[in-house]
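One-letter residues, chain by chain:
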Amino acid sequence: MTRARQRRNSRRPEAPRTLPGDAPVRRGWGNASRRCAVVTAVALALLVMPASGCSTLSSPDDHLIEPGTEALSEPSLPYRVGVVPLVVDEVYRERVEEVRRRAGNREFAYVPDEELALEMMDEVVQGLKQLNAVDEARLLPHAAARPFEATVRDAFNDGFDLVIRPVLRRYDCRYVGSTGAYIPSVFIWFFVLQGLTWWIAEETFASETAMALEVYATTGEPDPLVVRDVVGEVACNLNDFQRGFNLFNLFRTPSGLSESQWHTIGGNLLPLSRQAAQREMLSVIADPEEGLNADVAAVEERVHKRLAIVCGTQAQPGLGRRFAVADALRMRELLLDSPAAPIRDERALTTLEGARATPAALERAIRELFVRHGRARDQALLFLSGQGVIDAEGRSWLLLADSEVEDLSRTAVPLERLARWLDATEARVTVIAAVAFNRLGELQGAPQVELQAELQDEPQTGIDAVAFEGTFDPWEPLERLEDVALISATSGMEPVLEIDAVGASLFVDELAHLLTDGGLSSGAWTELTHAWLDNVRELAMFEGEPQSPQIRGSRHALNDKRPFFHIGETGE
């Protein structure tokens, strides 16, 4: 062998030495590829997980009202509001059953239990109080099996103006899709360690709580005044523990999610969407510009209550009023059944006639109807039909059932006391009186012409009349009240003209004609009083028994632009 060949051979690598039975050692592209793949997967996971691989699930706040939120200086909804527990819509109940019957569902629907439905609305009520959004807020008892109309009726009896019923239309969770961490998670699952993927949030789930807020007036028709939709929705990236653990969830979501896993998802997401809906509900109610107040203002006639008490007692022998009870029943009919009927709900009307019209019953009716239910924007009508008396000291008394002239202080109602009863309500009061007053000892109902001339220089006409001044003005205690308008059939000292042919007083019969025949076209007090009272005055002249019907009260009361009767509707 030449030296040149020896030198070439010495440069060649020595062949690997193996022993018998040894497996050959493989080196090259395969091992390097695996290492590269692992490194790549880990690198991708480290890059992606901070952005989309981490869970975005949070916990609901402890309170609905965010810290620093100030209460309203004036309630945006100036009414007493009752809120009933959450009611589940029947259509939604059917959808829940349908969703749960599907195989491989991408969504799951839930129905809150009664305890949760109660808790949700109780939190809203507390929020309304904290925000000063309404005059008063209270959670009202309402069972699902009980007719809702009965709950509204009870709410009226308790003095509430509005009832809000939240109707649940959606309360579910659904699969949205995978996040950017899904592919790196697959690499880690295959090439590194399966357990590492359990903390990676590979999928996004959403939850939605949707309700319809139905707002009902406690008087009037049973249909809702306003219906507003409220929606709370959240979406979160969830890891294996937050969606319910399963070894192969990575490859089977969403079709492989079991019902127990969906309940785990709902337990994490539903409180968030529920709280978002509750906050939206508070905003809808409390917002002064875009809240319920904007809608309720458009149906003011339904929200602002009209309350009425009709009181008529038959005259005692010698007191001169034959058709007092008939007048009261006629007025009740006008309030409920005439084309211009202002009372749409009999619960807003109390009738005391005959033997039922006692002083105690009248006081109780005013307290329970006017005082309990009357608000600043409401209107109250007190109709009085009967007989009155003025005692030797110039005080006026209203004679009711069982009243005795010999024992006025115990059996009759002094008008000073009646004024105190009426002054206790926040509502604006109209008193319509078909009552004749006589001096004590002169109770035969004859016109007191000489006494009237002494107290009144000239007849008063229409709305321009001023307060009837004089020592024996029977209505003077009512005229002192700022929010009381008085319409009387006479000047107070005249007998009330009664018409045998109609079995009622001319005063009430003429009002009935105007309200049932559509004789008025405007809702102003001026047209009502001029058309009504002037007609009474003229017709009484034909009968030969002059009447001096009058309207009295403060300017504030007489300038009311919303009269008790819907006069403008009668001509349609």
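Everything numeric in this text was worked out from a predicted model, so none of it was measured.

### Description of the pairing of strand 8 (residues 306-312)
Item 1. Counted residue by residue, strand 8 has 7 buried out of 7 residues, so it is predominantly covered.
Item 2. Neither face of strand 8 is open: one carries Arg306, Ala308, Val310 and Gly312, the other Leu307, Ile309 and Cys311, and all of them are buried.
Item 3. When strand 8 meets strand 10 (residues 379-390), the two strands line up parallel, connected through 7 bridges. The partner of Val310 across the bridge, within strand 10, is Phe383.

### Here's the deal with the confidence of the model for the chain
Item 1. Per-residue pLDDT for the chain has a mean of 77; in total, 71% of the residues score no lower than 70.
Item 2. Overall, residues 444-471 carries pLDDT values under 50, and its contacts beyond four positions in sequence, including any with other chains, amount to 48 contacts.
Item 3. Within the model, pLDDT remains below 50 along residues 567-572, and this stretch shows 17 contacts once partners closer than five positions in the same chain are excluded.

### Quick look at the packing of aromatic side chains
Item 1. Going through the model one piece at a time under the given rule, you end up with 7 aromatic pairs.
Item 2. Members of the aromatic cluster, connected to one another through ring pairs, are Phe108, Tyr110, Tyr175, Phe205 and Trp262.
Item 3. Above the face of the Phe160 ring, Arg80 is positioned so that its terminal group lies 4.7 Å from the ring centre.
Item 4. In this arrangement the basic side chain of Arg165 is found over the ring face of Phe148, its NZ or CZ atom lying 4.3 Å from the centre.

### Looking at the packing of helix 12 (residues 324-337) against helix 18 (residues 506-516)
Item 1. Interaxial distance between helix 12 and helix 18 falls to 10 Å at its minimum, and their mutual angle equals 15 degrees. Taken together, the axes of helix 12 and helix 18 lie roughly parallel to each other. Every pair of crossing elements has a handedness; the one defined by helix 12 and helix 18 is left-handed. Contacts between helix 12 and helix 18 involve Asp327, Arg330, Met331 and Leu334 from the former and Val508, Asp509, Leu511, Ala512, Leu515 and Thr516 from the latter.
Item 2. Counted by class, the contact of helix 12 with helix 18 contains 6 nonpolar, 1 polar and 3 charged residues.

What counts, and where the lines are drawn
- The written sequence of each chain sets the order in which its residues are numbered from 1.
- Only residues with pLDDT of 70 or above have their local features reported here, since the model is predicted, and side-chain atom pairs are shown and tallied only from 80 upward, although totals for entire chains, interfaces and linings are computed over all residues.
- The side-chain figures draw on all heavy atoms in the structure; neither hydrogens nor water molecules are used.
- When accessible area is computed with a 1.4 Å probe and restricted to protein chains, residues below 20% of their type maximum are described as buried, those above 50% as exposed, and intermediate ones as partly exposed.
- Counting from the N terminus, the helices are DSSP H or I runs at least four residues long and the strands are E runs at least two residues long.
- Whether two strands pair comes down to DSSP finding at least two bridges between them.
- The predictor attaches a confidence to each residue, and that confidence, scored 0 to 100, is pLDDT.
- Two residues form a contact once any of their heavy atoms are found within 4.5 Å.
- Working definition: rings of Phe, Tyr and Trp (its six-membered ring) pair if their centres are within 6.5 Å, and the pair is stacked with planes under 30 degrees apart, edge-to-face with planes over 60 apart, and tilted otherwise.
- Note on geometry: a ring has a charge over it if NZ (lysine) or CZ (arginine) is within 6 Å of the ring centre and within 35 degrees of the ring normal.
- Every axis corresponds to a line fitted to the C-alpha atoms, with the helix fit spanning only the stretch in contact, and the corresponding angles, defined between N-to-C directions, vary from 0 to 180 degrees.
- An angle below 35 degrees is treated as roughly parallel, one above 145 as roughly antiparallel, one from 65 to 115 as roughly perpendicular, and anything else as oblique.
- Here a crossing is called left-handed whenever its near helix is offset anticlockwise from the far helix by less than a right angle, and right-handed whenever the offset is clockwise.
- Each residue receives one of three labels: charged for Asp, Glu, Lys and Arg, nonpolar for Ala, Val, Leu, Ile, Met, Phe, Trp, Tyr, Cys and Pro, and polar for the others, Gly being one of them.

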